[in-house]
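# Structural characterization, general
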Amino acid sequence: MRNRYYRFPFVVAGGIAVVLTAIYFSLTNGTFDISIKEVFQTLFRMNLNSDFDLVVFEFRLPRIVLGALVGFALGMAGAVIQGVTRNGLADPGILGINAGAGMAVVLFMFLLQGQITMTGWLGVMMMPMFGIAGGLAATTAIYMFARETGKLDPQRLILVGIAIASGFGAITMFLSLKMNPSDYEMAVAWLAGSLHSANWKFVVTMLPWLVILPPVIWLRSQVLDLFQLSEESVKSVGVSVEREKNILLLCSIGLVSASVAVSGSIGFVGLIAPHMARQLVGLRHRHIIPISGIAGMAIVVIGDFIGRTIFAPAELAAGIVVSVIGVPYFIYLLIRMRK
């Protein structure tokens with residue numbers, strides 16, 4: 001176990017190398033292949049070619065950057081939620097946080113359809129606000145129904161989360177069916193977890209959340225370690241349990257909601273990434289949290305690359321590709337936990 005702690009810098013370097021490799025393949029491959037030399041010439045404004053400029057800066061690079069940011073946010077949020085609930089099966093998607101945020105964003109699309117463009121600055125800035133409201137609604141419902149004698153019951157958490165996700169999903173479907181055909185198509189593509197509409201405005205929208213919230217979470221990593229003990233033990237060392245839980249959950253809701261607002265619902269990243277991190281670096285959340293973020297980046301960037309290239313000329317949403325991987329992994333975790 002101690003060897004895993006010393007492994008941390010090497011795991012970070014390896015994870016970054018995997019992400020950079022995925023970025024390399026995503027930039028150079030597609031319906032319009034570009035060599036790495038041409039990519040560098042385009043990035044550093046040497047020997048400019050308008051076609052390369054359009055493909056790199058307008059289509060591929062914002063999509064890759066947004067996918068990396070979303071994956072980092074979802075991986076980190078998943079590590080926090082699993083740490084707070086002491087449940088290895090907890091995940092923003094399974095708990096209904098994704099569904100709540102998604103319902104609120106679809107409600108935003110429904111109420112303002114035709115009045116505000118989803119890619120305009122006003123729409124881009126307002127969508128995360130609606131997403132956070134939906135995520136908070138889902139979390140409030142979880143707190144109401146999964147608590148027993150004033151404490152969050154990890155055993156009831158999954159069942160309550162599935163029920164909440166189903167309820168919000170039904171509302172989302174109802175709102176989608178009430179939209180006009182063009183808005184309905186946009187909502188369905190977005191709900192599948194697609195990065196197809198990625199642009200630099202979405203990237204700018206994600207940045208404040210990733211600048212503010214991850215440091216707050218990382219500075220409380222020791223509190224997450226203490227949460228693995230009983231609540232009585234945590235209280236005995238002077239930690240305000242409910243206050244710290246609320247801060248950590250609010251930070252994770254902010255990350256998830258901002259991600260859902262710009263990319264739709266990409267599930268299972270918050271489930272898989274923390275498990276990968278624990279296998280690689282042990283049980284200290286000081287190490288788990290950043291590694292979960294890096295693993296999430298790799299999962300989303302690779303998933304988007306597969307969906308964009310393997311099925312060309314058709315395109316499969318990154319959320320669908322990640323789910324194809326995530327469902328068998330979730331079943332494997334269920335079987336392992338039963339043993």
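As the structure is a computational prediction, the values presented were derived from the model and not from experiment. (Residues numbered from 1 in each chain as written. Predicted model: local features only at pLDDT ≥ 70, side-chain atom pairs only at ≥ 80, totals over all residues. Heavy atoms only, no water.)

As a rule of thumb, soluble globular proteins bury nonpolar side chains together. In this structure, Leu66, Met206, Phe227 and Leu255 are the most contacted members of the largest nonpolar core, which totals 94 residues. Sorting elements by how many residues they give to this core places helix H4 (residues 50–85) first, with twelve residues. Each residue touching Leu66, except ones within four places of it in the same chain, is listed here: Leu195, Ala198, Phe202, Val203, Met206 and Val262. (Core = buried A, V, L, I, M, F, W, Y, C linked by side-chain atoms within 4.5 Å. Buried < 20%, exposed > 50% of the residue type's maximum accessible area, 1.4 Å probe, protein only. Helix = DSSP H or I, 4+ residues; strand = E, 2+ residues; numbered from the N terminus. Contact = heavy atoms within 4.5 Å.)

An ideal rise of 1.5 Å per residue puts 30 Å on 21 residues; helix H2 (residues 8–28) measures up with 30 Å between its terminal C-alpha atoms. Restricting attention to buried positions, one finds in H2 the residues Phe8, Val11, Val12, Gly15, Val19, Ala22, Ser26, Leu27 and Thr28. Note on H2: the residue one or two positions beyond its end, Gly30, has a positive phi of about 160°. (Expected span 1.5 Å × (residues − 1).)

Pairs may arise between side chains of opposite charge once their charged atoms sit close together. Evaluation of the coordinates by the stated rule reveals five salt bridges. Note that Asp304 is salt-bridged to Arg63, the shortest N-O span being 2.9 Å. Of this pair, Asp304 sits in helix H14 (residues 285–309) while Arg63 sits in helix H4, placing them 241 residues apart in sequence. Among the residues examined, Arg63 registers a relative accessible area of 8% and is labelled buried. Measuring nitrogen to oxygen at the nearest pair gives 2.6 Å for the salt bridge that ties Arg63 to Glu315. Of this pair, Arg63 sits in helix H4 while Glu315 sits in the loop between H14 and helix H15 (318–338), and the two are 252 residues apart along the sequence. In this structure Glu315 comes out as partly exposed when scored by relative accessible area, which is 36%. (Salt bridge = Lys/Arg side-chain N within 4 Å of Asp/Glu carboxyl O.)

It is worth spelling out the UniProt feature "transmembrane region" (unreviewed entry) in the chain at this point. Mapped onto the present numbering, the UniProt feature "transmembrane region" (unreviewed entry) falls at residues 6–27, 64–81, 93–112, 124–145, 157–177, 247–276, 288–310 and 316–335. Measuring from the first to the last C-alpha atom of residues 6–27 gives 33 Å, for a span that is 95% helix and 0% strand. Here residues 316–335 runs as 90% helix and 0% strand, with 29 Å between its end C-alpha atoms. (UniProt positions renumbered as here; feature names shortened; annotations may be inferred.)

Take helix H5 (residues 97–111) next. Side chains three or four residues apart in an α-helix point the same way, a direct result of the helix having 3.6 residues per turn. Taking 1.5 Å as the rise per residue, H5 with 15 residues should run 21 Å; its terminal C-alpha atoms sit 21 Å apart, in good agreement. All buried positions along H5 are accounted for by Ile97, Asn98, Ala99, Gly100, Ala101, Gly102, Met103, Ala104, Val105, Val106, Phe108 and Met109.

Right, let's get into the packing of aromatic side chains. Scanning all chains against the criterion turns up six aromatic pairs. Considering the side-chain rings of Phe32 and Phe52, the 5.9 Å spacing of their centres and the 55° angle between planes classify their relative orientation as tilted. Separated by 20 residues along the polypeptide, Phe32 in the loop between H2 and helix H3 (36–43) and Phe52 in helix H4 bring together distant segments of the chain. Note on Phe52: relative accessible area 15%, which makes it buried. A centroid spacing of 6.0 Å and a plane angle of 0° characterise the contact between Phe40 and Phe44, whose relative ring orientation is stacked. Within the aromatic cluster, the residues linked to one another by ring pairs are Tyr24, Phe25 and Phe305. (Phe/Tyr/Trp six-rings, centres within 6.5 Å; stacked < 30°, edge-to-face > 60°.)

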